[in-house]
Amino acid sequence: MKRFHRLLFSVASGVLLGLPWLGFPGWILFFAFLPLLFLENYFFKFKDNFPVVSLWGHVFLAAIIWNVLASWWMTKVSLVGVGAAMIFNAFLMSMVWWSAHSIRRNLSSPLGYISLVVFVIALEYLQFKWDIEWPCLQLGSVLANNVKIIQWYEYTGAFGGTLWILLLNLFLFQLFRNVWLKRPIQKAISSTTVSLLLLLVPLIISFQMYNSYKEDEDPIKIAIVQPNVDPYTEKFDLESELQKLENYMRLASSVTDDETNFIVGPETLFEHQTLWDEEKFASNIFLTELQVFLEQFNDTKMVFGVSSYKIYENEEAITYSAQRNNDIIYDRFNTAMLLTKNGETQVYHKSKLVAGVEKVPFQKYLSFLRNSYIYLGGASGSLGQQAEVSNLVADNVVIAPVICFESVFGEYVAEYIKRGAEVIFVITNDGWWKNSRGYKQHLLFSQLRAVETRRSIARSANTGTSCFINQRGDVLQATNWWQEAAIAGSINKNDTLTFYVTHGDYIARTAVFISVLMVLLVFVRRFE
C-alpha cells in the first residue's frame, strides 16, 4: 500500500468519525473505524518492514480531523486554547492505538484487539475524571441524535454505546477481511452472523423499550424562560441588570398562571458583581422584585442562575479557589437558586467547572498558579464549587439543578438521582457558541441523561434550545435559536432508580481495570 493510500485511509476515518457531530446519523460510527483497522492490520502484516510507531502518525491525522470536525465551534471563544486541547486529545487517542498495536505485535492479535477496546473506553473515562476534561467526544453520547436506538442506556449508560460501536467495527472488519481473503465460507457466515446479531439485538431491544415505556402520571407544571441575552455584548452595570430582570418577568408572566409550580430561568441570568453576596440575599433588590412578582400567583417558585459570591471572615474556611482583592477573601460561584414567594432561598453551586473558563486546571494541587488562566470568555481564576451534589426541594418536589457543562457527566448526574431527585432542571447559557453545532450537541447530553436516569427534564437556555424532555429522551416544545421565548408544559416526577443510576459507569471502570492488567502483562512478558 502506497503512502498516499494510507493517508487516504486516515482521512477517511477522521471524516467518518466527525460526521455525526456535524448532524449526520450516529450510526455512521458503526463503521467509521474500519479504515484505521485496515491500516493497523496492514502495519501488523508487514511489521518487519515498518516500526511499531508507523501506525501512530496515521491515527494522529485521523484523530485531528475528528477533533476539528466535532469541536470546531469551541474555537469561537479561543482559537489557541481550544486548538491546543484538540492537538493534545488527538495525541492521547493516537497513543491508545499505538499501545494496542504494540500489544498485538508482541503478544497476540486477540489481546491487541481487546486492548484497543478497553484502552479507548479507559481514555474516554479519563476525560470525564481528570482536571482538564474533554468528554464531548464520547462515542456513545452522539447516538443520542436518535434516542429510539439507545433506550438500553438505562442499564449501561453512554459507555455501553461506546462499547457497542467498537465491537461492531471490529466484527465488521473481521467480516470484510474474511471476504477479501476468500476464507472458508464457514468463517464468513460466522462473522456475518455475529455482526448482524451485534447490530440488530440492541436495536430491537431499544425499539421495544421505546414503544412500551410509559411514564407514571405525577405531573408538575413548569414555565421556561429563554431571555436571549448575547453574552458577547452583555453589560453588567446595574441598569443593564435591571433591564434583564424586567424582560425575564415579562416573559415569565406570559406563560405563568396559578397552576404553575415552577418558573425556570437560565444559567447566570443575573451577573452583577456586587449584588449577589450570599450573606445578604435578604436585602437583594432583585430577589425582592422577584418575590413580589411571585406573590401574584398561587404557589409558584423560581429556579434560575446567578453569579454569586461568599466572603470569608474565618481563615479556616478559605478554599483553594478563593480570590483576594483589597484584603477581602472571597469565592465566586456559578449558582442555581430556588426562590419562593415567601422569600425563602436554596442554592446549589456548580461543581463540574469548565477548564480554562471557570477553573485553573490542577489549581488544587498547584496553588501557585492561582492567578494564571486561559481566557475563554469566562471569569478569571477558579470559581468555587461544592464538594458533592445537592438537590433543591420545594413542595415535595426534589429537583436536580444541573448547570450547563454538568449535563455532560452521566455518573455525576446520577448522583442527584441517588439522592432523591425526581426531576432534572438543566439551566445553561449556550449563547457562547453562537449559531453553531455547539448548542445542538449540548442538547444531546440532556437527552442522554433523561434516558439513563428516566427523569423528565425542564431545560432553560439563555439562547439555544429551551425545551421539555420526557423520560424516553424525546424533545418537546423546543424553542428556536436566538429568539426570546417562553413555554409552559408539564413533566412527570419519577422516583425509580435505573440500573445505571445505581451502578454508574461500571463498564468504564471495568475497562480501566482490564487496561491495567494489560499493561502489567506487557511488563511481565518483557522481563521473562
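Check the entry above for the structure.
Residues numbered from 1 in each chain as written. Predicted model: local features only at pLDDT ≥ 70, side-chain atom pairs only at ≥ 80, totals over all residues. Heavy atoms only, no water.

1. Comments concerning the packing of helix H9 (residues 238–253) against helix H10 (residues 285–294)
It is the contact of H9 with H10, at a shortest axis distance of 11 Å, that shows an interaxial angle of 15°. Taken as axis vectors, H9 and H10 run roughly parallel relative to one another. Crossing of H9 over H10 shows right-handed handedness. Contact residues: H9 offers Leu238, Glu241, Leu242, Leu245, Tyr248, Met249, Ala252 and Ser253, while H10 offers Ile285, Phe286, Glu289, Leu290 and Phe293. Tallied by class, the residues present in the contact of H9 with H10 amount to 10 nonpolar, one polar and two charged. (Axes fitted to C-alpha atoms, helices over the stretch in contact; angles between N-to-C directions. Helix = DSSP H or I, 4+ residues; strand = E, 2+ residues; numbered from the N terminus. Parallel < 35°, antiparallel > 145°, perpendicular 65-115°, else oblique. Left-handed = near helix turned anticlockwise from the far one by under 90°. Contact = heavy atoms within 4.5 Å. Nonpolar A, V, L, I, M, F, W, Y, C, P; charged D, E, K, R; others polar.)

2. Some words on the sheet that holds strand S9 (residues 423–428)
Spatially, S7-S8-S9-S10-S11-S12 is the arrangement adopted by the six strands of the open sheet, whose pairing is mixed. Lying at the two open borders of the sheet, with one neighbouring strand each, are strand S7 (392–394) and strand S12 (475–476). With three bridges joining them, strand S10 (residues 457–461) and strand S11 (residues 467–469) adopt antiparallel strand pairing. Pairing of Ala458 across the sheet is with Phe468, part of S11. Sheet strands touched by helix H11 (residues 410–418): strand S8 (397–403) and S9. Its angle to S8, the strand with the most contacts, is close to 160°. Along the sheet, helix H12 (residues 437–453) makes contact with S9, S10, S11 and S12, crossing S10 at roughly 165°. (Pairing = 2+ DSSP bridges.)

3. Comments concerning the pattern of salt bridges
One pass over the structure, following the stated rule, counts 18 salt bridges. In this structure, the salt-bridge partner of Arg454 is Glu154, at a minimum N-O distance of 2.9 Å. With Arg454 in the loop between H12 and S10 and Glu154 in helix H6 (residues 153–156), the pair connects residues that are 300 residues apart, well separated along the chain. For Glu154, a relative accessible area of 12% translates into the label buried. Across the pair Glu415 and Lys418 runs a salt bridge whose closest N-O atoms are separated by 3.1 Å. Here Glu415 pairs with Lys418, and both are found in helix H11, just three residues apart, close to one helical turn. (Salt bridge = Lys/Arg side-chain N within 4 Å of Asp/Glu carboxyl O. Buried < 20%, exposed > 50% of the residue type's maximum accessible area, 1.4 Å probe, protein only.)

4. Quick look at the packing of aromatic side chains
Any aromatic ring pair is given by two values, namely how distant the centres are and how the planes are angled relative to each other. Summed over the entire model, instances satisfying the criterion amount to 36 aromatic pairs. With a centroid separation of 6.4 Å and an interplanar angle of 55°, the aromatic rings of Tyr248 and Phe304 are classed as tilted. Taken as a pair, Tyr248 in helix H9 and Phe304 in strand S3 (residues 301–311) lie far apart in primary sequence, 56 residues in all. The class for Tyr248 is buried, based on a relative accessible area of 0%. Residue classification places Phe304 among the buried residues on the basis of a relative accessible area of 0%. Lying across the ring of Tyr232, Lys434 places its NZ or CZ 4.7 Å from the centre. In this structure, Arg454 is placed above the aromatic ring of Tyr213, and the distance from its NZ or CZ to the ring centre is 4.5 Å. (Phe/Tyr/Trp six-rings, centres within 6.5 Å; stacked < 30°, edge-to-face > 60°. Lys NZ or Arg CZ within 6 Å of the ring centre and 35° of its normal.)

5. Considering the side chain of His272
Within the element layout of this structure, His272 appears in the loop between strand S2 (262–264) and H10. Side chain to side chain, His272 and Thr274 meet in a polar contact 3.0 Å long. Apart from the residues within four sequence positions on either side, His272 is in contact with Phe236, Asp237, Leu238, Glu241 and Ser307. (Polar contact = N/O pair within 3.5 Å; in protein donor to acceptor, adjacent residues only side chain to side chain.)

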